[in-house]
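# Report on the structure
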Amino acid sequence: MRFEYSPAPESRAIVTLRDSYGLFIGGSFVPGSSVFKTISPASEEVLAEVTHAGPEDVDRAVAAARQAYERTWSAMPGRERGKYLFRIARLIQERSRELAVLETIDNGKPIRESRDVDVPLAAAHFFYHAGWADKLGYAGFGPSPRPLGVVGQVIPWNFPLLMLAWKVAPALACGNTVVLKPAETTPLTALLFAEICQQADLPPGVVNIVTGDGATGQALVAHPGIDKIAFTGSTEVGKEIARACAVSGKRLTLELGGKAANVVFDDAPVDQAVEGIVNGIFFNQGHVCCAGSRLLVQESVYDDVLAALRRRMGTLRLGDPLDKNTDVGAINSRAQLDKISELVSSGEAEGASRWSAPCPLPDRGFWFAPTVFTEVSQAHRIAREEIFGPVLSVLTFRTPAEAVEKANNTPYGLSAGVWTEKGSLILWMASRLRAGVVWANTFNRFDPSSPFGGYKESGFGREGGRHGLEAYLDVTGSADV
Amino acid sequence: MSEAAEVSVAAQAGRIAVRKTYKLYIGGAFPRSESGRSFEVTGAGGGFLANAALASRKDARDAVVAARKAFPGWSGATAYNRGQVLYRVAEVLEGRRAQFADEVRLAVGGSHKSAFAEVDAAVDRWVWYAGWSDKLAQVRGGANPVAGPYFNFSLPEPTGVVAVLAPQDSPLLGLVSVLAPAIVSGNTVVVVASEKYPLPAVTLAEVLATSDVPGGVVNLLTGRVAEIAPWLASHMDVNAIDLAGALDAPGALADDLAVAAAENLKRVVRLPVSDWTAEPGLDRMIATLETKTVWHPLGV
Amino acid sequence: MNVAGDIAASEQSLRRFLHGLPGVDEVGARARAETLATRSIKTDSKRQAIDLAIAMIDLTTLEGQDTPGKVRAICAKARQPGYGAPPVAAVCVYPDLVPEAVAGVAGSSVKVASVATAFPSGRAALDVKLADVKSAVAAGADEVDMVIDRGAFLTGRYGLVSEEITAVRAACGDAHLKVILETGELGTLDNVRRASWLAMLAGADFIKTSTGKVTPAATLPVTLVMLEAVRDYRDFADRQVGVKPAGGIRTEKDAVRYLVLVNETAGEDWLDPRYFRIGASSLLNDLLMQRERMATGRYSGPDYMTVD
């Protein structure tokens, strides 16, 4: 019997979209130099008008952050700072449905993911870091580590609210104030977060949100009033920022791209490994820096694993992100869709075999069907370049040593997956994989207490955990007191 | 008496308060002592405050059973979950700030200001401990670089059921400061409240009962420390005992308890504190933690 | 089946085969079951699912205090649940009450399933267990729900377990055999996978999770593993075996979650009472209440649902 699921849309009514949003500076929403529109990538409808922060606006924001730092935040005992963060965490929980729906319509990701993953993790990050605010002396950085000052943070469009939480929570917990620039295509949950800061009575200027495009980000990064920069985004832009900081001397952490290998051995728990492969590359439409975009499968089980993978891909549901049963949502923008298409064409041109499960695509909006390339070799562009879409490249290996060699054969080093029932093999692989995060018999698991970050060109610095605090503390004694 | 006269008497008395009954807190419920006994609690001014339940050894026994039953669930919960529960306790406590300030002032005397200060310190102390739940493993655990192809890591784990003798002279801040560190890591406890000032502890138990704390995680006994503590100290299913409430007791009570505790090698906590408002440090949490070290080879 | 015969030819070869199956990562299996449980089945698909679930129920009464009266009552409910709902798939009773059940469902499409083999413990000599089966079949049972010897399974005597199943299958004659694994006693999902394959190789028509007398009974992760097993077994042996979760499935929400699990694991070929059953008793009333709510727009109550 055919069991079709009827539409199960989450209601949009919980979100009240304003026609127009200002910048959040010094505790209030203020106008800026110009405006731009943000659209829903699933339908291409305009959602709202958002302000573009020009250099003067960035200047004002940094000044507000500096003032808040000097007059209020850096003098406040950690215990009290922590309570603000606890309030914010609670408010995120209280407004979680609203945040999830807003994230889904602005970003294109399925409501199930924003509801069950993004928003709860964002709240958890604030809870975790709230508890550090008055315990920094126990973090291993000396008895009373000082903050750095005003931090400039630029975040990407793939997990807008969660990336905001990863940046703002530790920064505030450590006593810094923040100017944050959300991605151009996904400003809305950051602006709702600003409202949450108001509801929490956060002192004005502690958090400032400057919406805009790449130019806004550049202005922020270059601003002399910023003591430290945190950037998550493309490796290309990360390198530009690194060059700039090499000259300016600003503290910097980068979380950039990846081309993670998901290694499946012949003794892997097959059904769970297939889930891990699917989750690794199709979760969030593959817009994940740590996506398992290369499947390295042991040659002896290639046929079985691929057959199971194709069968499983046949149950993926692509469509309206607000439908609670959608697994694969919209590609975030026309620009990203074009990039994916270009790389996929290169894959075909270079001789790899392309397969997608049959999947009707909606007429409007930006969509790409989950796709697998087999007969891929390391030399293919689709094996080397980050696609940042729902496209998996499959390669094979014969021995553990070969798996390690191939997995490490990339300028990136953000994450890796290992699938085997053998504990010693897991640990052997983990010790040799040049990646900042190794997932064994699981994938794409995140926790505020678990440090995340890359080797090599995937960036430097860690976010989350005790290690993640270092980025926001003066551990060298070189910052001004 | 005529109706008019009755009305006049009532009018002179003002509104009659509905007084609270102070019972034990065991397994998430509020039973009276199985012995049926109670004892008089007087306030700072010497006047009658309430009759509190006078716990017996059987109540202590039942409390240990409840604590043991609750241990797998509480220690098996994620650290995040325990932190959330403890933070919720702080929220509810804060909501009852005025009530607790009253209880403290009636018990120990002093001004409204000092009572509120104690309550605020107790809430903040609770929040401080709540935030430790998901950090203890990082501060007290880690990988060990052994010489050989082995992955080796050490982890803190809760020891089990902890008997806690709450400090005699600090019925809220002191109480919170010995209770929270025991449960944040996953231990379950049997608390013996201050003998002189037991009432704030019972009201705290009401807060725990309405704050998502699973029944049995915290059990509260009110009564004579010298009567009940020996039964807890000698109990073979209690894993640790915090002697804070016996340190200043007459005679050698604390020593006797420690000797009794040695029968099953309980972890004995003797950490005198002169100023409960000072930041506690890790000692009390560490005192009820075990350390587990695991080895696993690395190889193909 | 030749291949099955070769595998079961010796204790050793059976052991090697079963232990050579891919392992199950418990955390991963639970996570998959949990994600599938978030599927939101509404409106038409919900109506469809409710009726399908009703049609898949083995309406069960297995108590020491069962009487002919009790059996007649559930048979009446089984063939005519009320409110226009379809009849259930079968009634499930103890062997000595099979005659009452057969009489109770006569003329309807409802089958009679009987437990047997010293249900629920399975602790009796083989000839006693076989006699149990034969008496049920002779009394007219269409289906037999047997229990495996968990003691033998847990001590690794797979051959013994297999032989018992084969013997029971033979004793069933034309009746279909469901093999109860009692997953709540097997301890691990790896064991659930091995027991599933063992039962199928030995000739089971259905593999069933539980007797309902042990906690935990049916769970989504366990049923997930069993659905994976029947799916893989069909590819391996070209024979389709059914799955029956039983025990602990009390609400419409639970039942629909199981149907989603079937749909997205084994596939639509199993969305049929011939290949998927739900062993339950109070579930039927909850399905009927939800059915009424879908039909009338009002929440119903226990007063409107018959006690059986």
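Okay, so let's go over this structure. Predicted, not measured: the structure shown is a model, and the values here were computed from it. Positions within a chain are numbered from 1, following the residues in the order the chain's sequence is written. Here every chain gets a letter starting at A, and every ligand a number starting at 1, in the order they are written. With pLDDT at 70 or above as the cut-off, local features in this predicted model cover only qualifying residues; side-chain atom pairs require 80 or more to be listed or tallied, and sums for whole chains, interfaces and linings still use all residues. Heavy atoms throughout the structure, all of them, feed into the side-chain values; hydrogens and water do not.

## Section: the overall build of chain C
Within chain C one finds 14 helices and eight strands. Rg of the C-alpha trace for chain C: 19 Å, near the compact-globule value of 19 Å for 308 residues, within the 12% margin. Overall size of chain C, expressed as C-alpha extent along the three principal axes, is 60 × 45 × 30 Å. Going through the 308 residues of chain C one by one, you find that 57% of them count as buried. Look at the contacts in chain C between residues 6 or more apart in sequence, and 76% of them connect residues 24 or more apart. Note on conventions: DSSP H or I runs of at least 4 residues are helices, E runs of at least 2 residues are strands, and numbering of each starts at the N terminus. Values of the radius of gyration come from C-alpha atoms, whereas the globule rule sets the reference at 2.2 Å times the count of residues to the power 0.38. Only protein chains enter the accessibility calculation, which uses a 1.4 Å probe. A residue is then buried if its area is under 20% of the maximum for its type, exposed if over 50%, and partly exposed in between. Contacts were defined at the residue level, with two residues in contact if any of their heavy atoms lie within 4.5 Å.

## Considering the overall build of chain B
Within chain B, the secondary structure is distributed over eleven helices and ten strands. Here the C-alpha atoms of chain B give a radius of gyration of 21 Å, agreeing with the 19 Å that 2.2 N^0.38 yields for 300 residues. Each principal axis of the C-alpha distribution contributes one length, and for chain B these read about 95 × 35 × 35 Å. In chain B, which comprises 300 residues, the proportion classed as buried is 49%. Counting contacts in chain B only where the partners sit at least 6 residues apart, residues at least 24 apart contribute 77% of the total. Accessible area for chain B stands at about 13100 Å²; split by element, carbon and sulfur atoms hold 55% of it. In chain B, 27 side chains carry a positive charge and 30 a negative one; their mean positions are 3 Å apart. With residues, only the protein chains shown are counted as cover, and all accessible areas are computed by Shrake-Rupley using a 1.4 Å probe. In this tally, Asp and Glu contribute negative charge and Lys and Arg positive charge; neither His nor the terminal groups of the chain are included. Note that the charge is assigned to NZ on lysines, CZ on arginines, CG on aspartates and CD on glutamates.

## Observations regarding the sheet that holds strand β16 (residues 391-397) of chain A
Residues and elements named next belong to chain A. DSSP calls a pair of strands paired once it identifies at least 2 bridges connecting them. In space, the seven strands of this open sheet follow the order β14-β15-β16-β13-β12-β17-β18, with mixed pairing throughout. Strands with a single pairing partner mark the edges of an open sheet, and in this sheet they are β14 (353-356) and β18 (437-440). Across the sheet, the mean angle from the axis of one strand to that of its neighbour is 20°, orientation sign disregarded. Against the sheet, helix α11 (residues 334-349) touches β14, β15 (371-374) and β16, its axis set at about 30° to β15. Only the stretch in contact is used when fitting a helix axis, every axis being a line fitted to C-alpha atoms; angles between N-to-C directions are given from 0 to 180 degrees.

## Quick notes on the interface of chain A and chain B
Between chain A and chain B, the contact holds 27 residues from the first and 23 residues from the second. Two parts placed together each lose some accessible area under a 1.4 Å probe, and adding up what both lose gives the buried area. Carbon and sulfur atoms supply 62% of the area buried between chain A and chain B, which totals about 2200 Å² over both sides. When a carboxyl oxygen of Asp or Glu is within 4 Å of a side-chain nitrogen of Lys or Arg, the pair counts as a salt bridge. Linking chain A to chain B there are three salt bridges. The salt bridge involving Arg90 of chain A is made with Glu91 of chain B; its shortest N-O contact spans 2.5 Å. Whenever two N or O atoms come within 3.5 Å, that pair is a polar contact, provided that in protein one can donate a hydrogen and the other can accept it, and provided that, for residues adjacent in sequence, both atoms are side-chain atoms. Between the two partners, chain A and chain B, sit twelve residue pairs in polar contact (both at pLDDT 80 or more). Breaking the side of chain A that touches chain B down by element, the ones donating at least two residues are α2 (78-94), α4 (111-132), α14 (423-432) and α15 (465-469) of chain A. Per-element accounting of the side of chain A that touches chain B gives the leading share, seven residues, to α2 of chain A.

## As for unusual backbone geometry
Following Phe119 of chain C, the chain continues into Pro120 of chain C via a peptide bond in cis, with omega recorded as 0°. In this structure, Pro120 of chain C sits in the loop between β3 (111-115) and α7 (126-138). Omega for the bond connecting Thr215 of chain C with Pro216 of chain C falls within 30 degrees of zero, at 0°, which places this linkage in the cis form. Residue position: Pro216 of chain C is located in the loop between β6 (206-208) and α12 (220-237). For Asp212 of chain B, which is not a glycine, the phi torsion comes out positive at approximately 70°.

## Description of helix α9 (residues 158-172) of chain C
Residues and elements named next belong to chain C. Expected helix span is taken as 1.5 Å per residue step, with the number of steps being one fewer than the number of residues. Helix length check: α9, at 15 residues, gives a terminal C-alpha distance of 21 Å against a target of 21 Å (1.5 Å per residue), a fit within 8%. Within α9, burial applies to Tyr158, Gly159, Val161, Ser162, Glu164, Ile165, Val168, Ala171 and Cys172. Lining the buried residues of α9 we find α2 (11-20), α7, β4 (143-147), α8 (150-154), β5 (176-180) and α11 (189-201). Looking one or two residues beyond α9, the residue adopting positive phi is Gly173, at roughly 60°.

## Topic: the interface of chain A and chain C
Residue-level contacts link 26 residues of chain A with 31 residues of chain C. Interface of chain A and chain C: buried area, both sides summed, is about 2400 Å²; carbon and sulfur atoms make up 45% of it. The largest per-residue losses of area from chain A upon contact with chain C belong to Met1, Phe3 and Gln272 of chain A, which jointly make up 30% of the total buried on that side. Linking chain A with chain C are six salt bridges, by the criterion used here. A salt bridge links Arg2 of chain A to Glu268 of chain C, with the shortest nitrogen-to-oxygen separation between them at 3.1 Å. The interface formed by chain A and chain C includes 16 residue pairs in polar contact (both at pLDDT 80 or more). For the side of chain A that touches chain C, the secondary structure elements donating two or more residues are α4, α9 (270-282) and α10 (302-313) of chain A. Considering every element that reaches the side of chain A that touches chain C, the biggest residue donor is α9 of chain A, with four residues. Polarity classes work like this: nonpolar for Ala, Val, Leu, Ile, Met, Phe, Trp, Tyr, Cys and Pro, charged for Asp, Glu, Lys and Arg, and polar for all others, with Gly in that last group. Looking at the side of chain A that touches chain C residue by residue, the class counts come to eight nonpolar, five polar and 13 charged.

## Focus on the nonpolar core
Counting 173 residues, the largest nonpolar core has Ile88, Phe126, Phe193 and Leu309 of chain A together with Trp126 of chain B as its most contacted members. Take this core: its biggest share by element is eleven residues, from helix α5 (residues 160-173) of chain A. If near-sequence neighbours (up to four positions away) are discounted, Leu309 of chain A is found in contact with Val274, Ile277, Val278, Leu295, Val372 and Leu392 of chain A. Throughout, nonpolar core names a set of buried Ala, Val, Leu, Ile, Met, Phe, Trp, Tyr and Cys residues whose side chains join them through atoms within 4.5 Å. Core analysis: the second largest hydrophobic core is formed by 101 residues, Leu21, Ala49, Ala171 and Val243 of chain C among them.

## Thoughts on helix α6 (residues 98-105) of chain C
Residue and element names in this part refer to chain C. Buried within α6 are the following residues: Val98, Ala101, Gly104 and Val105. Taken end-on, α6 shows its buried residues confined to a sector of 125°, consistent with a single buried face. Phi turns positive one or two residues past the end of α6, at Gly107, with a value near 85°. By definition, the arc is the one covered by directions from the helix axis to the C-beta atoms.

## Observations regarding the environment of Tyr258 of chain C
Residue and element names in this part refer to chain C. Tracing the backbone through its elements, the reader meets Tyr258 in helix α13 (residues 252-265). It is 12 Å that separates the C-alpha atoms of Tyr258 and Gly248, two residues lying ten residues apart in sequence. Filtering out sequence-adjacent residues up to four positions away, Tyr258 remains in contact with Ala218, Thr219, Leu220, Thr223, Pro245, Ile249 and Phe276. From its side chain, Tyr258 meets the backbone nitrogen of Thr219 in a polar contact 3.4 Å long. A polar side-chain atom of Tyr258 sits 3.4 Å from the main-chain amide nitrogen of Leu220.

## Notes on the packing of helix α4 (residues 97-108) of chain B against helix α5 (residues 112-130) of chain B
Residue and element names in this part refer to chain B. Relative orientation of the contacting elements α4 and α5 amounts to 120°, with a least axis distance of 8 Å. By the criterion of interaxial angle, the relationship of α4 to α5 is oblique. In the crossing of α4 with α5, the sense of the turn from one axis to the other is right-handed. Between α4, through Arg97, Ala98, Phe100, Ala101, Val104 and Arg105, and α5, the contact on the second element is made entirely by His112, Ala115, Phe116, Glu118, Val119 and Asp120. Grouping the constituent residues of the contact of α4 with α5 by class yields seven nonpolar, one polar and four charged. Working definition: roughly parallel below 35 degrees, roughly antiparallel above 145 degrees, roughly perpendicular at 65 to 115 degrees, and oblique for all remaining angles. What makes a crossing left-handed is the near helix being turned counterclockwise from the far one by less than a right angle; a clockwise turn instead makes it right-handed.

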